[in-house]
Amino acid sequence: MKLEKIVLKSLIVNADDFGLHTAVNHAVIEGYEKGCLRSTSLMPTGSAVEEAAELARQHPELGIGAHITLVAEHPVLPVDKVRSLLTPEGRFFPDHVAFIKAFLQGTIRMEELYAECEAQIARIESLGLVITHLDSHQHLHVLPRVIDICLELAQRHGIHRMRLPAEACLFNGGYPAPLARKVAKCGLTFCARLARRKAAGRMAMPQAFFGMLAGGHMEEKYFQAILRALPEGTAEIMVHPGLDNKALGAAYDWQYHWEDEYQSVTSPRVLQYIQEARIRLISFKELSNE
């Protein structure tokens, strides 16, 4: 009698930007209660971070990561403590492109970067939350030298798990991304793979990552394409759910399809496929270095 091989697949569906806005906060909680979300990343600089923390305390099984934020927001530390990280208006650089440009030009002071990252971790801890993993807004934590800071701080604060945004360069999941976005993804994947080498033996990380190419545009069809492509082992899918496109679009000019992403993680068809495919939903808490 031929025995059927059992393919073991574990999946972390992680919602970014928890704490950014109340419409994101409640989408995350509903995605956890009604859908496949088991993990989220808390933005310590977000305007709704205290509400998010209260919701997290009410749902202790939801994994809460530290979403280190170094662009597009205000710092946790006073402006005069992190001047090299900021524009003249006292905000972080608008996006990862501006940050990387300043970083390569050598104008960012590493001691200020370290201090701000630590202050953000401490901010989450001060809200009474246990941090399950570390990641970052626009994935800046995997940049050379930034990864060294993050690994040192993770060790100091007892954080043993981390996102590695290394989506396979040839994977698109049917999403019609322009060439520039594909090239940017491959650059990020290269940095993430270098970061994995530094983090090996120190941090537990999923074997695979999805959601970079379709990030902010994760319609159900793209989400299902990723589910069908999941490899054996543990994978993470990054999502950005929200409940009010109009309010979120007015506040953040990111062109995200927030409500589509919420529908994806709560879709009955998605949940049925996960059950039938015997995919185990976990948070970063279940990862180990073994």
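Summary of the structure given here. Everything numeric in this text was worked out from a predicted model, so none of it was measured.

Parameters and conventions
Residues numbered from 1 in each chain as written. Predicted model: local features only at pLDDT ≥ 70, side-chain atom pairs only at ≥ 80, totals over all residues. Heavy atoms only, no water. Helix = DSSP H or I, 4+ residues; strand = E, 2+ residues; numbered from the N terminus. Buried < 20%, exposed > 50% of the residue type's maximum accessible area, 1.4 Å probe, protein only. Contact = heavy atoms within 4.5 Å. Areas by Shrake-Rupley, 256 points an atom, 1.4 Å probe, with all protein chains shown as cover. Polar contact = N/O pair within 3.5 Å; in protein donor to acceptor, adjacent residues only side chain to side chain. Core = buried A, V, L, I, M, F, W, Y, C linked by side-chain atoms within 4.5 Å. Axes fitted to C-alpha atoms, helices over the stretch in contact; angles between N-to-C directions. Parallel < 35°, antiparallel > 145°, perpendicular 65-115°, else oblique. Left-handed = near helix turned anticlockwise from the far one by under 90°.

Here we take up the overall build of the protein chain. The helix and strand inventory of the protein chain stands at ten helices and seven strands. Oriented by its inertia axes, the alpha-carbon framework of the protein chain measures out at about 70 × 40 × 40 Å. When the 290 residues of the protein chain are sorted by exposure, 56% land in the buried category. Within the protein chain, counting contacts between residues at least 6 apart in sequence, those at least 24 apart form 76% of the total. A total of about 13300 Å² of accessible surface is found on the protein chain, and carbon and sulfur atoms cover 53% of it.

Turning our attention to unusual backbone geometry. Backbone geometry at Arg-145 places phi at a positive 75°, although glycine is not the residue there. On the secondary structure map, Arg-145 appears in the loop between strand 4 (133-136) and helix 5 (146-156). Its relative accessible area of 48% is what places Arg-145 among the partly exposed residues. Positive phi, close to 60°, is recorded for Gln-255, a residue that is not glycine. Tracing the backbone through its elements, the reader meets Gln-255 in the loop between helix 8 (245-251) and helix 9 (258-266).

With that out of the way, let us pick up the side chain of His-67. With respect to the secondary-structure elements, His-67 resides in strand 3 (residues 63-68). Residue classification places His-67 among the buried positions, given a relative accessible area of 1%. Here the side chain of His-67 touches Asp-17 through a polar contact of 3.1 Å, side chain to side chain. Among residues more than four places away in sequence, those in contact with His-67 are Asp-16, Asp-17, Ser-41, Leu-42, Met-43, Pro-44, Gln-120, Ile-124, Asp-135, Ser-136 and His-137.

By size, the foremost hydrophobic cluster in this structure holds 91 residues, and its most contacted members are Phe-99, Leu-113 and Phe-223. Core analysis: the second largest hydrophobic core is formed by five residues, Ile-12, Ala-204, Ile-282 and Leu-287 among them.

Quick look at the packing of helix 1 (residues 22-34) against helix 2 (residues 49-58) now. Packed helix pairs are specified by the crossing angle of their axes together with the interaxial distance, meaning the distance between the axes. The N-to-C vectors of helix 1 and helix 2 enclose an angle of 15°; their axes lie 9 Å apart at closest approach. Judged by the angle between their axes, helix 1 and helix 2 are roughly parallel. Both helix 1 and helix 2 take part in a crossing whose hand is right-handed. Between helix 1, through Thr-22, Asn-25, His-26 and Ile-29, and helix 2, the contact on the second element is made entirely by Glu-51, Ala-52 and Leu-55.

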